[in-house]
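Notes for the structure review
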Amino acid sequence: MRPDDGAVRWRGRRGAAGAAVLGTLLAGLVAAGCAPVPSVVPAAAAATTCTPGWTAAWHAAQQAVPGDSLAGRTLRMVVRPGAAGEELRLRLSNRHGDGPLRIAAMTVGATGPGAAVTRPVPLTVGGAPVADIPAGAEALTDPAPVAAAAGAPLTVSLFLAEVPRTIGSHPVAMRTAWLSGPGDRTAAPDAAGFDTTLQSWPVLTGLEVLAARPDGAVLVIGDSLVDGVGSTPGGDDRFPDQLAARLSAAGGDRPMTVLNAGLSRNQLLQDDPPAGGDAPSTRWDDDVAAVPGVRDVVLLVGTNDLAAGAAAGDLVAGLQGFAQRARAAGLRVFLTTIPPSASGGRATPTAVAARDEVNGWLRSDGRRWADGVIDAAAALGDPGDPHRLRPDLDSGDGLHPSPAGYWALAASVPVGELSGSPCRVSPDR
């Protein structure tokens, strides 16, 4: 029997208030002078048996957006899995919905030109071709006999028969999705009727594969620098993509699946649902704990907090609290310095002083709290003016790196300190 064979998974959204309370408690421990939680062997590493198992191959963080225009139409989205498997299943979410979501048909197949798809395979939830997902819940589809190859795009089609006024979506996909006119076109292989384009991933929050020998995953969580603003639309050259390429080239036990849990405008210290979504600690349950195969977490966040006037001490306490939570969950955690920016109030004397103080703390004391520190500021900053991005690494807005900048950021990651994939070098485990 396959792992989790036949299981229907419904999961209500865990309370954001509970996450906020835990974050407050952790910050209180930090303020009281308690020592950081010592690094531990990740739970995933301890449980690795190198036998077939489900692991995340692709992930998209979500926030609340209007859903009115989607009802009665077919949504077609392209995703690029980062891990291979002989079967797959999708994670469908209504956790930000204010009413029930009814998906009346679902398919997945190999990506064709534009909105076309090759051999779309029907999906079910609990054996039924329809998924009725209550507000605040999500579901996994049943395993489908569709092979996934790392790096080979797949096209997912969802007929959204009933959609609440507010749904969950990933607003900045850096990849085109399509919306049909009225009706179910999930089984149609051609692109006819898909006349509306989107730059988002509504409803779909994960793709998991049944891997013969699962690799571990690195999950990168944070703001638009994780999301990939400034990268090439459809080019898969965001920071997480380029880190995955670097790990693959490293060989040995270094290759790991890299998952993107970025949200543009995201802040470390406060939730901002209409703009940047929930803070990383608030969305921990959905974007970290619920994602199978995660061994390491990279946190890249803080520039939007500076623009909002956050104090350095509060940011340090927030970073400490997040690191505590990751280590308490048995994960390795890597913190990053905040890159410089000349955009949106981030270059005021107050913001610059706060950024310098946070980055100084990370460089001098961050390893007491985390398993590694990635110096994004040094990788991206202009040596002649460390308070701005290096011109050849700037996408042009003074805030977001270009594809070359994202490569420089990926190159700054200490890949030898990541957990790696023990099954690649331990065939008998």
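Residues numbered from 1 in each chain as written. Predicted model: local features only at pLDDT ≥ 70, side-chain atom pairs only at ≥ 80, totals over all residues. Heavy atoms only, no water.

1. Points about the packing of helix α4 (residues 239–250) against helix α10 (residues 403–411)
Operational definition: Interaxial angles span 0 to 180 degrees and are taken between N-to-C directions of axes, which are lines fitted to C-alpha atoms, for helices over the stretch in contact. Comment: elements are numbered from the N terminus, with helices defined as DSSP H or I runs of at least four residues and strands as E runs of at least two. Our angle categories are set so that under 35 degrees counts as roughly parallel, over 145 as roughly antiparallel, 65 to 115 as roughly perpendicular, and the remainder as oblique. Left-handed describes a crossing whose near helix is turned anticlockwise from the far helix through less than a right angle; right-handed describes the clockwise counterpart. Here, residues are in contact when the closest pair of their heavy atoms is within 4.5 Å. The residue classification treats Ala, Val, Leu, Ile, Met, Phe, Trp, Tyr, Cys and Pro as nonpolar and Asp, Glu, Lys and Arg as charged. All others, Gly included, are polar.
Put simply, α4 and α10 touch, their axes get as near as 8 Å, and they point 50° apart. If you check the angle between α4 and α10, you find them oblique. Classified by chirality, the crossing of α10 by α4 is right-handed. Where α4 abuts α10, its residues Phe-239, Gln-242, Leu-243 and Arg-246 lie against Pro-403, Tyr-406, Trp-407, Leu-409, Ala-410 and Ala-411. Its residues assigned to classes, the contact of α4 with α10 shows eight nonpolar, one polar and one charged.

2. Details of the sheet that holds strand β17 (residues 257–262)
Two modes of strand pairing occur in sheets, parallel and antiparallel, and in both the strands are linked by backbone hydrogen bonds. We apply this condition: Strands were regarded as paired on the criterion that DSSP finds at least two bridges between them.
An order of β17-β16-β18-β19-β20 is seen for the five strands of this open sheet, with the pairing classed as parallel. For this open sheet the edge positions go to β17 and β20 (372–374), each flanked by a neighbour on one side alone. Going from strand to strand, the sheet's axes swing by 20° on average, the running direction of each strand aside. Two elements, strand β16 (residues 217–222) and strand β18 (residues 294–300), share six bridges in a ladder whose sense is parallel. Bridged to Gly-222 within β18 is Leu-300.

3. Some points on the packing of aromatic side chains
We apply this condition: By convention, a stacked pair of Phe, Tyr or Trp rings (six-membered ring in the case of Trp) has centres within 6.5 Å and planes under 30 degrees apart, an edge-to-face pair has planes over 60 apart, and any other such pair is tilted. Residue burial is assigned from relative accessible area. The probe radius is 1.4 Å, only protein chains are included, and a residue is buried under 20% of its type maximum, exposed over 50%, and partly exposed in between. Geometrically, a lysine NZ or arginine CZ counts as sitting over a ring once it is within 6 Å of the ring centre and also within 35 degrees of the ring normal.
Evaluation of the coordinates by the stated rule reveals two aromatic pairs. Plain terms: the ring middles of Trp-58 and Trp-201 are 5.0 Å apart, the flat faces sit at 85° to each other, and that makes the pair edge-to-face. Of this pair, Trp-58 sits in strand β2 (residues 53–59) while Trp-201 is found in strand β14 (residues 201–202), placing the two residues 143 residues apart along the sequence. As far as the burial class goes, Trp-58 and Trp-201 line up, both buried. When the ring of Trp-284 is compared with that of Phe-322, the centres are 5.5 Å apart and the planes differ by 75°; the resulting orientation is edge-to-face. With Trp-284 in helix α5 (residues 284–289) and Phe-322 in helix α7 (residues 312–328), this pair connects stretches of sequence that are 38 residues apart. Note on accessibility: Trp-284 and Phe-322 belong to one class, buried. Geometry around Trp-54 places Arg-89 over its ring, the cationic atom sitting 4.2 Å from the centre.

4. Observations concerning the environment of Leu-101
With respect to the helices, strands and loops of the structure, Leu-101 is situated in strand β6 (residues 101–111). The spacing of Leu-101 and Glu-162 is 61 residues in sequence and 5.6 Å in space, taken between C-alpha atoms. Leu-101 has contacts with Ser-93, Asn-94, Ala-131, Asp-132, Ile-133, Leu-160, Glu-162, Val-163, Pro-164 and Val-203, leaving out every residue within four places of it along the chain.

5. Here we look at the state of the cysteines
In plain terms, the rule: A pair of cysteine sulfur atoms is labelled a disulfide when the two atoms are within 2.5 Å.
For the coordinates displayed, the defined rule picks out one disulfide. Here Cys-50 pairs with Cys-423 through a disulfide, and the sulfurs are 2.1 Å apart. In this structure the cystine formed by Cys-50 and Cys-423 twists about its S-S bond by roughly -100°; its chirality is therefore left-handed. With Cys-50 in the loop between α2 (43–47) and β2 and Cys-423 in the segment after α10, this residue pair connects regions lying 373 residues apart in the sequence. The burial state of Cys-50 is the same as that of Cys-423; both residues are buried.

6. Quick notes on α10
Those residues of α10 that sit buried are Gly-405, Tyr-406, Ala-408, Leu-409 and Ala-410. Against α3 (224–227), α4, β18 and α9 (376–380) lie the buried residues of α10.

7. Description of the sheet that holds strand β11 (residues 166–170)
Judged by pairing direction, the sheet is antiparallel, and its three strands sit side by side in the order β3-β11-β14 without closing on themselves. For this open sheet the edge positions go to β3 (63–66) and β14, each flanked by a neighbour on one side alone. Relative to β14, β11 is paired through two bridges, and the arrangement is antiparallel. Of the residues in β14, the one forming a bridge with Ser-169 is Pro-202.

8. As for the confidence of the model for the protein chain
Test applied: The predictor reports its confidence for every residue as pLDDT, a score running from 0 up to 100.
Of all residues in the protein chain, 88% have pLDDT values of 70 or greater, and the mean over the chain is 90. Every residue in residues 5–9 scores below 50 in pLDDT, and together they form eight contacts with partners more than four places removed in sequence or on other chains. When the criterion is pLDDT under 50, residues 13–34 qualifies, and its contacts beyond four places in sequence or with other chains add up to 20 contacts.

9. Overview of the pairing of β16
Here β16 lies mainly inside the structure; six of its six residues are buried. Burial along β16 is two-sided: the residues Ala-217, Leu-219 and Ile-221 and Val-218, Val-220 and Gly-222 are all buried. Pairing of β16 with β17 involves six bridges; the strand directions are parallel. Bridge pairing links Gly-222 to Gly-262 in β17.

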